[in-house]
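So the chains spell out like this:
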Amino acid sequence: MESTSDTVEKRLERTPRVFVTRHLMPSVEERFGELFEVTLNRSDTPLSREELVAAMQRCDVLVPTVTDKIDADMIAAAGQDLRLIANFGAGTEHIDLKAAGRHGIMVTNTPGVFTDDTADLAMAGIIGVPRRIREGVELIRSGKWTGWTPTALLGTKLAGKVLGIVGMGRIGQAVAHRARAFGLEIAYHNRKRMPEAVERMFAARWVETLDELMAQADILTLHCPAGPDTHHMIDARRIGLMKDGACIINTARGDLVDQEALIAALESGKLAGAGLDVYPDEPNVDRRLIRHPNVMTLPHIGSATREGREDSGLKVIANIRMWADGHRPPDQVLEGLV
């Protein structure tokens, strides 16, 4: 049966009351103010659960981000006027989509906006970890560098190495496109094999199982959504399948990786390093990761470009306007397809 959130509602006969949970780009907030009866969070302080529920009880449209966990109980407690959750960002694992559907609340997101930005950051890790960039930067900053020597800070070259891409969606393909220029061999695992034409475009070969890809990859980069099927998909057993001295790059979601298993592999030397932009308990980052000399720890900045953040905000506005006019928003999230 089609959920009520999949249907298009009649035109909203008043200016939508919109609640935005985090501080967005000034140009985007200005446009919100021009079009809607909007409440903004200019302090950018994350809202508590109680504050989120209170907001949901007095708006027509909630604009949350990945930092706002919206579960079934919160949706049940929302006001009768809440009919759209217009998420800022592509990921929707922080929203209970089934509960939203049961309560007739539509959910939209902003796919595709951050593809290039996230792929660029993933490449920073793909290049930087094998070449021990973090160690070099810290050596200079510590004042302990004594000069060039033939054997100092030896990393590994990229050309000819196997880049294993987990998740060959928009971002995975953008990474493959960039990685070819560095001479990396592209192997990928995906729920479904890509068409032959796409594989030829990226000179990529499909690996049927994740276990096989783990064993083949010199560098593994993650580009898949979070969810029950992917929680801790990179665990101790699978890390054990990797080559000694391999690297893991994660710009997707923190809970894709069993952090304890990752730390153990780094400390034992099984893995040469890691590039991390996401963590299981953000904003908390395990001190063992911070201390490790060859772990690039970044503060979830994969999408942090002025252009991307502005485009995402404008995409949210477009979704709200389409919904308010009684049309199906272009980025409606269908729970069964997520």
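Reading the values: the criteria
Residues numbered from 1 in each chain as written. Predicted model: local features only at pLDDT ≥ 70, side-chain atom pairs only at ≥ 80, totals over all residues. Heavy atoms only, no water. Helix = DSSP H or I, 4+ residues; strand = E, 2+ residues; numbered from the N terminus. Rg over C-alpha atoms; globule rule 2.2 N^0.38 Å. Buried < 20%, exposed > 50% of the residue type's maximum accessible area, 1.4 Å probe, protein only. Contact = heavy atoms within 4.5 Å. Areas by Shrake-Rupley, 256 points an atom, 1.4 Å probe, with all protein chains shown as cover. Lys, Arg positive; Asp, Glu negative; His and termini not counted. Charge placed at Lys NZ, Arg CZ, Asp CG, Glu CD. UniProt positions renumbered as here; feature names shortened; annotations may be inferred. Arc of directions from axis to C-beta. Pairing = 2+ DSSP bridges. Axes fitted to C-alpha atoms, helices over the stretch in contact; angles between N-to-C directions. Right-handed = clockwise from strand over helix to strand, strands pointing away.

Colleague: Got a minute to help me understand the overall build of the chain in this structure?
Modeller: A tally of helices and strands in the chain yields 13 helices and 12 strands. The C-alpha radius of gyration computed for the chain amounts to 22 Å, which stays within 12% of the reference 20 Å derived for 338 residues, consistent with globular compactness. By its C-alpha atoms, the chain is 70 × 50 × 30 Å across when sized along the principal axes. Classification of the 338 residues of the chain by burial places 48% in the buried group. Pairs at least 24 apart in sequence give 63% of the contacts found in the chain among residues at least 6 apart. For the chain, the accessible surface area stands at approximately 16,800 Å², while carbon and sulfur atoms represent 52% of it. Both charge centroids of the chain, one from 41 positive and one from 47 negative side chains, sit 4 Å from each other.

Colleague: Would you take a moment to explain the UniProt feature "domain: D-isomer specific 2-hydroxyacid dehydrogenase NAD-binding" (unreviewed entry) in the chain for this structure?
Modeller: Feature annotation in UniProt assigns "domain: D-isomer specific 2-hydroxyacid dehydrogenase NAD-binding" (unreviewed entry) to the following positions: residues 125–302. When the span residues 125–302 is considered, its composition is 34% helix and 17% strand, and the gap between its end C-alpha atoms is 11 Å.

Colleague: Help me out: how do you make sense of helix α1 (residues 26–35) in this one?
Modeller: Because the α-helix completes a turn every 3.6 residues, residues three or four places apart line up on one side. Within α1, the full set of buried residues consists of Val28, Glu29 and Phe32. The buried residues of α1 all sit within an arc of 100 degrees when viewed along its axis, so they share a single face. Turned more than 90 degrees off the buried face of α1, the exposed positions are Pro26, Glu30 and Glu34. Tucked into the core, α1 has its buried residues touching β1 (17–20), β2 (37–39), β3 (61–63) and α13 (306–324).

Colleague: Sorry, what's going on with the sheet that holds strand β5 (residues 106–108) here?
Modeller: Backbone-to-backbone hydrogen bonds pair the strands of a sheet. The strands run either parallel or antiparallel. Read across the sheet, five strands follow the order β2-β1-β3-β4-β5 without closing on themselves; strand pairing throughout is parallel. Each edge of the sheet is formed by a strand with only one pairing partner; in this case those strands are β2 and β5. Adjacent strand axes in the sheet meet at a mean angle of 20 degrees when their direction is disregarded. Pairing geometry for β3 and strand β4 (residues 84–86), over two bridges, is parallel.

Colleague: What am I meant to see in the pairing of strand β10 (residues 246–250) here?
Modeller: Looking along a regular strand, one sees side chains alternate from face to face of the sheet. Extensive coverage of β10 is indicated by the burial of five of its five residues. Side chains Ala246, Ile248 and Asn250 project from β10 onto one buried face, and the interleaved Cys247 and Ile249 project onto a second face that is buried too. In the sheet, strand β9 (residues 219–222) pairs with β10 via four bridges, with the strands oriented parallel. Pairing of Leu222 across the sheet is with Asn250, part of β10. Regarding the hand of the β-α-β motif, the stretch spanning β9, helix α10 (residues 236–241) and β10 is right-handed. Remark: the β10/helix α11 (residues 259–268)/strand β11 (residues 271–276) crossover connection has right-handed handedness.

Colleague: Just to check I follow, could you spell out the environment of Ala304 for this structure?
Modeller: Locating Ala304 in the fold gives a position in the loop between β12 (295–297) and α13. Exposure remark for Ala304: the relative accessible area of 42% places this residue in the partly exposed category. Taking the C-alpha atoms as reference points, Ala304 and Leu121, 183 residues apart in sequence, are found 9.6 Å from one another.

Colleague: Quick question: what am I supposed to make of the sheet that holds strand β6 (residues 162–166) here?
Modeller: The seven strands lie next to each other as β8-β7-β6-β9-β10-β11-β12, forming an open sheet whose pairing is parallel. The open sheet is flanked by β8 (204–206) and β12, the only strands paired with a single partner. Here the strands of the sheet are splayed against their neighbours by 20 degrees on average, with no regard to which way each runs. Here β10 pairs with β11 via five bridges, running parallel.

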